[in-house]
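Architecture and fold: a report
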Amino acid sequence: MSVLRGKKILLGITAGIAAYKTASLVRLFIKLGAEVKVIMTPASKDFITPLTLSTLSKNPVYSTFYDKEDENELWNNHVDLGLWADYMLIAPATANTLSKMANGTCNNLLLATYLSAKCPVYFAPAMDLDMYKHSSTKESLDKLQSFRNVMIPATSGELASGLVGEGRMAEPQDIVSFIEKDVLSKLPLKGKKILITAGPTYEAIDPVRFIGNYSSGKMGFAIAKTAANLGAEVFLISGPSHQQIQHSLVKRIDVVSADEMYEAAHQYYNEVDIAILSAAVADYKPKNIASQKIKKKDVALEIKLSPTKDILASLGKIKQHQFLVGFALETNNELENAKKKLKKKNLDAIVLNSLQDKGAGFATDTNKITIIDKNLNQKSFKLKSKVAVAKDIINEIVNKINA
Ligand code: CTP
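Residues numbered from 1 in each chain as written. Predicted model: local features only at pLDDT ≥ 70, side-chain atom pairs only at ≥ 80, totals over all residues. Heavy atoms only, no water.

What follows is about the site of the ligand. Around the ligand, the surrounding shell holds 14 residues, and the nearest of these are Leu-277, Ala-279, Phe-327, Lys-341 and Lys-345. One nitrogen or oxygen atom from the side chain of Lys-341 is found 2.8 Å from an oxygen atom belonging to the ligand. Considered on its own, the ligand offers 570 Å² of accessible surface; in the complex 75% of this is hidden by protein. Among the secondary structure elements, those contributing two or more residues to the shell around the ligand are α11 (311–317) and β17 (323–330). Its residues assigned to classes, the shell around the ligand comprises seven nonpolar, two polar and five charged. (Near = heavy atom within 4 Å. Polar contact = N/O pair within 3.5 Å; in protein donor to acceptor, adjacent residues only side chain to side chain. Areas by Shrake-Rupley, 256 points an atom, 1.4 Å probe, with all protein chains shown as cover. Helix = DSSP H or I, 4+ residues; strand = E, 2+ residues; numbered from the N terminus. Nonpolar A, V, L, I, M, F, W, Y, C, P; charged D, E, K, R; others polar.)

Now the structure itself:
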């Protein structure tokens, strides 16, 4: 799966002959599952039509601050466009546009959007060889890179002028591969390994019965996916759960009981940088598992339970370099109890969800959390989808490990 899947890409097209290649560029992004919006400088429309690009991108194409033919004269808001994008790409980027970008000129919608954009900006120069070599162009290229824009260098070959040399825009497929590689290499969890526990555990009573709980695994699976999307290699140790996950960076290890989860977690713990224990592990298990199905009788049945091993506490004890995160599901004295658990289990952070909050906890699609770190700083979040909560948790961890 491409890192660009689901990403919003703003493609700025300027007036170079290579503009005709942007039709393929848009197609390639769309094929990878990205969403594309196009802004054209007015002069670039001489090289490729907005109709082609809007058809391929399935979005309107913008080129002026407002459309004179539109009775409502709706304003094309450059700030909104700039904020919409996850990545902006200017291709082809002519010497004229590069010079304006380097100097903060914004006399068209594309330039104004570039100045407003907060996302990473890539640019693919395209011009004749002597223009590419010119000191003023070189100055623009250096300046733009010093502003942390990323250049996708022009290549050598035959140019529109008939001359041969450096200045050809990189081929659409190479532009896409360049951006994918660059995005991957800059992911905040690139090179990190994370252990995540998720779901319930089932503690067998006899061959057909068990003690379990209502945990669905949704929270842990959402955390695993978020971490993998940010470049982490994830070991997801899951109790019985219907959740599915398909990601090349996630290795799913299925377990059933607390003992099995304990073994698996200890097996991977040494090699990970971060461990997030979101599983709802049974605190007790039947002391003896009946080897045959227990027969119904007319008297009360007593099952003796013994405590399971606390995986989180055990990992806290043997912790070396790992950033260890636990969960606390509380019904009363929430903050106090969570802080106690944080200290007792030697955690770096704890995620508290209170069962008193509507929509939080087990088997729901939403959750409401407070994250407390080892210095007892706490941050509360609003009720959100578990996917959004997973992003908050991972962002907090990224901030803390980079602090
Ligand atoms: N946990 C664990 N192994 C266990 C029990 C809990 O790893 N055998 C982890 C959970 O995954 C979670 C945290 O510990 O991260 C939650 O602990 P919790 O069960 O709420 O607290 P307990 O220490 O069991 O205390 P209590 O049940 O009394 O609230």
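Pairing within the open sheet is mixed, and its eight strands lie in the order β13-β12-β9-β14-β17-β18-β20-β21. Edge positions in the open sheet fall to β13 (250–254) and β21 (378–380), since each of these has one partner strand only. For this sheet, the mean angle separating the axes of adjacent strands, direction not counted, is 15°. With three bridges joining them, strand β20 (residues 369–373) and β21 adopt antiparallel strand pairing. Its bridge partner lying in β21, Ile-372 is registered against Gln-378. Lying on the sheet, helix α10 (residues 258–269) is in contact with β9 (193–198), β12 (233–238), β13, β14 (274–277) and β17; it crosses β12 at an angle near 165°. Against the sheet, helix α12 (residues 334–344) contacts β17, β18 (349–354), β20 and β21, and its axis sits at roughly 150° relative to β18. (Pairing = 2+ DSSP bridges. Axes fitted to C-alpha atoms, helices over the stretch in contact; angles between N-to-C directions. Contact = heavy atoms within 4.5 Å.)

Looking at the chain, the domain boundaries give domain 1 (8–185) and domain 2 (193–401). Placing the centre of domain 1 and that of domain 2 at their C-alpha centroids yields a distance of 46 Å. (Domains from an automatic or database assignment.)

With parallel pairing, six strands are arranged side by side in an open sheet as β3-β2-β1-β4-β5-β6. Of all strands in the sheet, those bounded by a partner on one side alone are β3 (61–62) and β6 (150–151). In this structure, strand β2 (residues 35–40) lies alongside β3, joined through two bridges in parallel fashion. Bridging across to β3, Val-38 finds its partner in Val-61. Those strands touched by helix α7 (residues 135–146) are β5 (121–125) and β6, and its axis lies near 165° from that of β5.

Applying the stated rule across the entire model yields 15 salt bridges. A salt bridge links Lys-186 to Asp-182; the shortest N-O distance between them is 2.9 Å. Residue Asp-310 is joined to Lys-345 by a salt bridge in which the shortest nitrogen-to-oxygen separation is 2.8 Å. Residue Asp-310 is found in the loop between β16 (305–307) and α11, and its partner Lys-345 is found in the loop between α12 and β18; the two are separated by 35 residues along the sequence. Since its relative accessible area comes to 16%, Lys-345 is described here as buried. Through salt bridges with shared partners, a single ionic network connects Lys-21, Arg-168 and Glu-171. (Salt bridge = Lys/Arg side-chain N within 4 Å of Asp/Glu carboxyl O. Buried < 20%, exposed > 50% of the residue type's maximum accessible area, 1.4 Å probe, protein only.)

Time to look at a nonpolar patch on the surface. Taken together, Tyr-284, Leu-301, Ile-303 and Leu-305 make up a surface patch of nonpolar side chains, about 390 Å² in accessible area. With respect to the element layout, Leu-305 can be found in strand β16. Owing to a relative accessible area of 42%, Leu-305 belongs among the partly exposed residues under this scheme. (Patch = residues over 30% accessible without salt bridge, like charges linked within 9 Å, V, L, I, M, F, W, Y side chains within 5 Å.)

With that out of the way, let us pick up the pairing of β17. The element β17 is largely enclosed, with a buried count of seven among its eight residues. Two strands pair when backbone bridges link them, and β14 and β17 are joined in this way by four bridges, in the parallel orientation. Among the inter-strand pairings, Ile-274 is bridged to a residue of β17, identified as Phe-323. In this view, the connection linking β17 to its parallel neighbour β18 by way of α12 has right-handed handedness. (Right-handed = clockwise from strand over helix to strand, strands pointing away.)

Once that is clear, we can look at the environment of Leu-83. Within the secondary structure layout, Leu-83 lies in helix α3 (residues 78–84). Judged by relative accessible area, Leu-83 falls into the partly exposed class, the value being 48%. Once the C-alpha coordinates of Leu-83 and Ile-276 are considered, the two residues, 193 residues apart in sequence, prove to be 32 Å apart.

Looking at the secondary structure, you find Val-234 in strand β12. In this structure Val-234 comes out as buried when scored by relative accessible area, which is 0%. In sequence terms Val-234 and Leu-195 are 39 residues apart; their C-alpha atoms lie 5.9 Å from each other. Residues in contact with Val-234, not counting those within four places in the same chain, are Ile-194, Ile-196, Ala-224, Ala-227, Ala-228, Leu-249, Val-250 and Lys-251.

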